[in-house]
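Examining the three-dimensional arrangement
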Amino acid sequence: MRIDAYMQVSQLYKTNKTKSDKKSGKADSRDSLEISDFGNAYQVAKQAAAEAEPVRADRVREIQAQMAAGTYNVSLEDVADKMADQLLA
């Protein structure tokens with residue numbers, strides 16, 4: 001085996017030199033994170049659901065039964081009052 005021929009080939013392909021990492025133009029660049037509008041809305045909804053009162057399953061079943069029977073009636077004035085309270089709060 002001819003070592004001198006191997007050295008010439010390695011010099012030709014520069015296999016014995018280590019590659020240096022190219023630095024970016026900014027010395028103090030930092031990672032950043034951008035959250036999409038959908039992701040932001042999801043986080044807000046998730047937080048609102050976590051802070052909400054627990055669902056009263058017995059009351060839900062009661063109202064569903066009344067709706068199915070056609071006996072569930074709500075005063076339009078009560079609905080309007082609740083909507084106004086929510087909008088003005």
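No experiment lies behind these values; they were computed from the predicted model shown. (Residues numbered from 1 in each chain as written. Predicted model: local features only at pLDDT ≥ 70, side-chain atom pairs only at ≥ 80, totals over all residues. Heavy atoms only, no water.)

**Points about the overall build of the chain**
Applied cut-off: Strands are runs of DSSP state E lasting at least two residues, helices are runs of H or I lasting at least four, and both sets are numbered from the N terminus onward. Residue exposure (1.4 Å probe, protein chains only): buried if accessible area is under 20% of the type maximum, exposed if over 50%, otherwise partly exposed. All accessible areas in this document rest on Shrake-Rupley with a 1.4 Å probe, and a residue is counted as covered only by the protein chains that are shown.
Across its full length, the chain carries four helices and zero strands. Mapped from its N terminus to its C terminus, the chain presents α and β elements in the order α-α-α-α. A total of 89 residues make up the chain; the buried ones form 3% of that total. Surface accessibility of the chain: about 9,500 Å² in total, with carbon and sulfur atoms responsible for 54%.

**Considerations on a nonpolar patch on the surface**
To be explicit about the condition: For patch detection, residues must exceed 30% relative accessible area and be free of salt bridges, and they are connected within 9 Å for like charges or within 5 Å for nonpolar side chains (Val, Leu, Ile, Met, Phe, Trp, Tyr). Salt bridges are counted wherever a side-chain nitrogen of Lys or Arg sits within 4 Å of a carboxyl oxygen of Asp or Glu.
A surface patch of nonpolar side chains, amounting to about 460 Å² of accessible area, comprises Met67, Tyr72, Val74, Val79 and Met83. Using a relative accessible area of 35% as the deciding quantity, one classes Val79 as partly exposed.

**Points about helix 3 (residues 57–69)**
This is how the line gets drawn: A helix is expected to reach a length of 1.5 Å times the quantity of its residues less one.
Between its first and last C-alpha, helix 3 extends 18 Å over 13 residues, near the 18 Å set by a 1.5 Å rise per residue. Just downstream of helix 3, Gly70 is the residue with a positive phi angle, here 80 degrees.

**Topic: a negative patch on the surface**
Note the following rule: Charge convention: Lys and Arg are scored as positive, Asp and Glu as negative, and His as well as the terminal groups of each chain are ignored. Lysine's charge is taken at NZ, arginine's at CZ, aspartate's at CG and glutamate's at CD.
Residues Glu77, Asp78, Asp81 and Asp85 make up a contiguous surface patch of negative charge. Residue Asp78 is classed as partly exposed on the basis of its relative accessible area, which comes to 45%.

**Some words on the environment of Asn73**
Along the chain, Asn73 falls in the loop between helix 3 and helix 4 (76–88). The sequence separation of Asn73 and Ile63 amounts to 10 residues, and the corresponding C-alpha distance is 9.9 Å.

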